[in-house]
Amino acid sequence: FLAQVHLLFPYMLLVGAEEVIYAQVGERVILKPPAVDKYKYMYWRFGSPQGIQLAWRNYLSGNGIDKEENKFAWSGSSLVISNIEQNNFGTYYCVTSDPPSDNLAAKQVKLVKLNVTNPSSPLLPGESLSLACSVEDSQGDQKPNIYWQTPNGQKIKNILVKHVTSQHNGKWTCVVKNGENEKHTQISVKVLDLSPAFSSTQYTSNSSRITIPCSFAPDITWEHFKAKDIQEVYWQFSPKIPSGVISGGPQRLFTLSLQDSMKWNVNQHTDLKTQDPKKGDLSLTRKLGKEEDRGDYECIMKFKGGKILNRTVRVEVLQIISSPRPELISGQPLNLTCSTGNQLPSDVQLKWSPPKQSSLSPPIPDPHPAKLTIPQVHTGDEGEWECTLWQGSKQLTSAVITLKIEPKLSVWMLVIICSAAVVVILILILIFIFYRRRQVQFLYFFLLDHNEALV
């Protein structure tokens, strides 16, 4: 190329190395001019320094576009190419002159086509993902380095994922690097998955809020699900007894209408509250949990062809059981057991909080046991006892029981009570005797009056 240029233009100086710009069909690029101190005329040409002239400008602020004015435009001294087509890829030359000198300066810019594949439709978990990124012209001395950046920033060469998950959802970036020149092209991969990412366990009690989560990411809409031929969305519940055994088959709780109204229809009456499905929130909530909430809740989406997207949330209900009962007399023994009916995971800890005035002795040892044994309760132990479940620094739920403790009766109090009882009994006996005497006197006078009347 240098020999050809010098034969045609003996005084032409090539300014800088050849610049390579990567672009896709339909994109917009800006070709920058050479770094020269001064010039009077500038020309942008295609194919060669003497090739098709596309645009010109001069030192008097005059400028013009010679070809396709709707595609080429000036931006300062740079040439803008909009909505690139296949025939726009190739080599461009920016030639400057400074008459009366015969010296010419030129810069060579190669516009190379970049091919990036993009999934045509959203994906469901388990489907395959294939992404490709390549350039059409890599015959130069230095081939570009091409790789992908995943949504979490990991660098990988080739993309062929046989079974996608929610971790593959997001922005993928194709990076084409040639020396200091880098081209970043982002594409969006939609994996239609539910949150939480895995089946989870939620804890509640009759003094804590219950939330059964199910939702999808904010960048996913119902239109994406409809593009995959979604057929049905519903919640079902499998109740569980405290021993952990599922009792009976699943019961359908709610079914979502997929029409424009997007409303939940109640299949089984429950006081669980649904959220606004239009915002992607399919969760169920209630202000307080109940013992009968214990069990497995399944959020289910069914698609044409039998594909199913679901999440199972296990609800455990924390309870405090008092033995013998919450109403006691000072001096009685007491056992308090805090449990969900199942063994807690190793990363979940239990913590007791007795009433502030409690004189519990000895103090509760760490880690706090599920069962507390108090040989003799005192009136200071009356009040709210709280049992809380913690996972690290996160409070999962808490349960509360209220103890009522009457003071122990002393010997003098028993004497007083017995004496009072005797006095009351004696008074009742005297009243009864007085009443009987009045009856007898009344009968005597009645008979006497009756006999006199007969005489």
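These numbers come from a predicted model, not from an experiment. (Residues numbered from 1 in each chain as written. Predicted model: local features only at pLDDT ≥ 70, side-chain atom pairs only at ≥ 80, totals over all residues. Heavy atoms only, no water.)

Now for the overall build of the chain. When helices and strands are tallied, the chain shows 3 helices and 33 strands. Per-residue burial for the chain yields a buried fraction of 38% across its 455 residues. Relative to all contacts within the chain whose residues are 6 or more apart in sequence, the contacts with residues 24 or more apart total 58%. Put simply, the chain shows about 26700 Å² of open surface, and 54% of that area lies on carbon and sulfur atoms. (Helix = DSSP H or I, 4+ residues; strand = E, 2+ residues; numbered from the N terminus. Buried < 20%, exposed > 50% of the residue type's maximum accessible area, 1.4 Å probe, protein only. Contact = heavy atoms within 4.5 Å. Areas by Shrake-Rupley, 256 points an atom, 1.4 Å probe, with all protein chains shown as cover.)

Neighbouring strands of a sheet are bound in pairs by backbone hydrogen bonds; such pairs are parallel or else antiparallel. One open sheet accounts for 3 strands, arranged β19-β24-β23; its pairing is antiparallel. Looking at strand neighbours, the two that pair on one side only are β19 (210-212) and β23 (273-274), the edges of this open sheet. Across 3 bridges, β19 lies against strand β24 (residues 284-286) in antiparallel orientation. Looking across to β24, one finds that Ile210 is bridged to Arg286. (Pairing = 2+ DSSP bridges.)

Here the focus is the pattern of salt bridges. Here the structure, examined in full by the defined rule, presents 15 salt bridges. Note that Glu127 and Lys307 form a salt bridge whose closest N and O atoms lie 2.5 Å from each other. Separated by 180 residues along the polypeptide, Glu127 in the loop between β10 (104-116) and β11 (129-131) and Lys307 in the loop between β25 (295-303) and β26 (308-317) bring together distant segments of the chain. Taking the relative accessible area as the measure of exposure, Glu127 reaches 14% and is therefore buried. What makes Lys307 partly exposed here is its relative accessible area of 41%. The salt bridge partner of Glu232 is Arg252, with a shortest N-O separation of 2.8 Å. Taken together, the positions of Glu232 in strand β20 (residues 230-239) and Arg252 in strand β21 (residues 251-256) put the pair 20 residues apart, joining distant regions of the chain. Taken together, the shared-partner salt bridges in this structure form one network comprising Asp271, Arg286, Lys290 and Asp293. (Salt bridge = Lys/Arg side-chain N within 4 Å of Asp/Glu carboxyl O.)

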